[in-house]
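# Overview (structure and organization)
The primary structure of each chain is shown beneath.
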Amino acid sequence: GQSIHVWDSATGVRLQSLLGGFGRAEGFRIHPLSEELLVSGSVTKSWTLAITKSAWTLPGVSAAAFLGSDEVCLGLNPGNGSAASYTLGKQEPEMGWNSAASGFRIVGVSADGRCAVAGAPADAKSRVQIISNPGGVPVETHVLQTHFSLSFMRLSPDGGRLLTFVDSSVKNHHFDTATGSVLPELEWTDLKQINDAAWLGGERVAGLVTGRHPRSDPRSEEWLVLWDAATGRRLLHSPNSSLMSCLAADPGGHRFAEAGIDKMIRIRDAATLAVVHEFRAHDASVTALAWHPDRPLLASASADLTVKIWNPDSGELLEELRGFVQKPTTLQFSPTGRRLLTAGGGPVRIWEPKSLR
């Protein structure tokens, strides 16, 4: 495959990378008006060089999430890994509150913004700091001890429950965030690895799992699994022929989107796991998904170094964001849905896409 890099000739800064071409590149032409790049060779393909600029960048911050407001994010202080609030001012984001604890690597915020978590993975036992956000200054409440090598966490929409996962094993923990008490874990019979999970409303959980054998084993199977969150009981599972890596549920929990290495996005019914609609989304594997809080819009990120915004009902592409030099692995809409946060592809960025206005 091809990897074409675009540089700023004055500063030498790499602006973006273009992926998706194949074979030897023999000729390059840039259209003088549209700024489209045409590459000819064994396969001729065109790209747009127009770069969408983000509204804000959080330098050095590796993980972040909107903290119940379009104007405030919870991120990681690049100095010591403490949890910190960042206000999106007219110029540069301003750091405000800082947690007393530090060394965190992942963060999460509930859909209503009232509860946040910051996780510190460790070789022995990982710790998760619960952060209350009643509407003013965030408050550190208590610490939870979870499994070693914590990979990702999922707060229920109201922030009342927390699931923690180790993606390379079958370990999970389920907590009441108000009291810290341990709730029933999700049933793991025949499951070898979990790759992503999402709450469907507040009563059920959907997960992308590898079953029967490890993913590296040709005898492994890719499943979508549906659990009852209250009991941890597995309700049903459905096989999938491709490797899945990410999913996102609509705000009501009636349907969800899942995607992965086959570049497709599938919209599924949350009750039956049946595919309702599917469409080709990217030129490389899909790495993150996010559902708009109150409109039929879906955002996707990919290893092809683009972020796209879709109508999930029709598969219509509404907007494309470019300018990444590493693949984004996190997407989140702001509470009102007029901003989009991306992380994992360099610094955390906050965008104001035209399609969200």
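To start, this report covers the structure provided alongside it.

## A short note on the overall build of the protein chain
The helix and strand inventory of the protein chain stands at zero helices and 32 strands. Taken along its principal axes, the extent of the C-alpha atoms in the protein chain is 60 × 50 × 40 Å. Residue burial in the protein chain is summarised as follows: out of 357 residues, 50% are buried. Long-range pairs, those at least 24 residues apart, make up 41% of the contacts in the protein chain with a sequence separation of at least 6. Carbon together with sulfur atoms contributes 51% to the accessible area of the protein chain, which is approximately 15800 Å² in total. Charged side chains in the protein chain number 34 positive and 36 negative. The centres of these two groups are separated by 3 Å.

## Some thoughts on the sheet that holds strand β12 (residues 115-120)
With respect to topology, four strands assemble into an open sheet ordered β11-β12-β13-β14, the strand pairing being antiparallel. Unpaired on one side and paired on the other, β11 (106-109) and β14 (139-146) mark the two borders of the sheet. Direction aside, neighbouring strands of the sheet carry axes that sit 20 degrees apart on average. Here β12 pairs with strand β13 (residues 126-132) via six bridges, running antiparallel. Its bridge partner lying in β13, C115 is registered against S132.

## So, the packing of aromatic side chains
Under the definition given, this model contains four aromatic pairs. Ring geometry for F324 versus W351: centroids 5.5 Å apart, planes at 45 degrees, classification tilted. Of this pair, F324 sits in the loop between β29 (316-321) and β30 (330-333) while W351 is found in strand β32 (residues 346-351), placing the two residues 27 residues apart along the sequence.

## Some points on the pattern of salt bridges
A complete count under the given rule lists 16 salt bridges for this structure. The shortest N-O distance in the salt bridge between D262 and R266 comes to 2.8 Å. Residue D262 is classed as partly exposed on the basis of its relative accessible area, which comes to 27%. Given the relative accessible area of 5%, R266 is considered buried. The salt bridge partner of R339 is E352, with a shortest N-O separation of 2.8 Å. With a gap of 13 residues between them, R339 in the loop between β30 and β31 (340-344) and E352 in the segment after β32 connect regions that are remote in the sequence. For E352, a relative accessible area of 33% corresponds to the partly exposed category.

## Side note on the side chain of T164
Locating T164 in the fold gives a position in strand β16 (residues 161-165). Within the structure, the side chain of T164 is placed 2.6 Å from the side chain of T146, a separation counted as a polar contact. If near-sequence neighbours (up to four positions away) are discounted, T164 is found in contact with V128, T146, L150, F152, M153, K171, N172, H173 and F175.

## Overview of unusual backbone geometry
The phi dihedral of L273 is positive, around 70 degrees, even though this residue is not glycine. One can find L273 in the loop between β24 (264-269) and β25 (275-280). In this structure, L305 takes a positive phi of about 70 degrees despite not being glycine. Tracing the backbone through its elements, the reader meets L305 in the loop between β27 (298-302) and β28 (307-311). For L305, a relative accessible area of 6% puts it in the buried group.

## Comments concerning the sheet that holds β28
What the four strands build is an open sheet, ordered β26-β27-β28-β29; its pairing is antiparallel. Looking at which strands have only one partner, the edges of the open sheet turn out to be β26 (286-291) and β29. For this sheet, the mean angle separating the axes of adjacent strands, direction not counted, is 25 degrees.

## So, the pairing of β12
β12 sits mainly inside the fold: six of its six residues count as buried. Neither face of β12 is left uncovered, since the one carrying C115, V117 and G119 and the one carrying A116, A118 and A120 both have all their residues buried. The pairing of β11 with β12 spans four bridges and is classified as antiparallel. Its bridge partner lying in β12, G108 is registered against V117. Turn length for the β11-β12 hairpin, with the two strands adjacent in sequence and antiparallel, is five residues, and the turn residue G113 shows positive phi of about 80 degrees. Counting the residues in the hairpin turn of β12 and β13 gives five residues.

Reading guide: rules and limits
Residues numbered from 1 in each chain as written. Predicted model: local features only at pLDDT ≥ 70, side-chain atom pairs only at ≥ 80, totals over all residues. Heavy atoms only, no water. Helix = DSSP H or I, 4+ residues; strand = E, 2+ residues; numbered from the N terminus. Buried < 20%, exposed > 50% of the residue type's maximum accessible area, 1.4 Å probe, protein only. Contact = heavy atoms within 4.5 Å. Areas by Shrake-Rupley, 256 points an atom, 1.4 Å probe, with all protein chains shown as cover. Lys, Arg positive; Asp, Glu negative; His and termini not counted. Charge placed at Lys NZ, Arg CZ, Asp CG, Glu CD. Pairing = 2+ DSSP bridges. Axes fitted to C-alpha atoms, helices over the stretch in contact; angles between N-to-C directions. Phe/Tyr/Trp six-rings, centres within 6.5 Å; stacked < 30°, edge-to-face > 60°. Salt bridge = Lys/Arg side-chain N within 4 Å of Asp/Glu carboxyl O. Polar contact = N/O pair within 3.5 Å; in protein donor to acceptor, adjacent residues only side chain to side chain.

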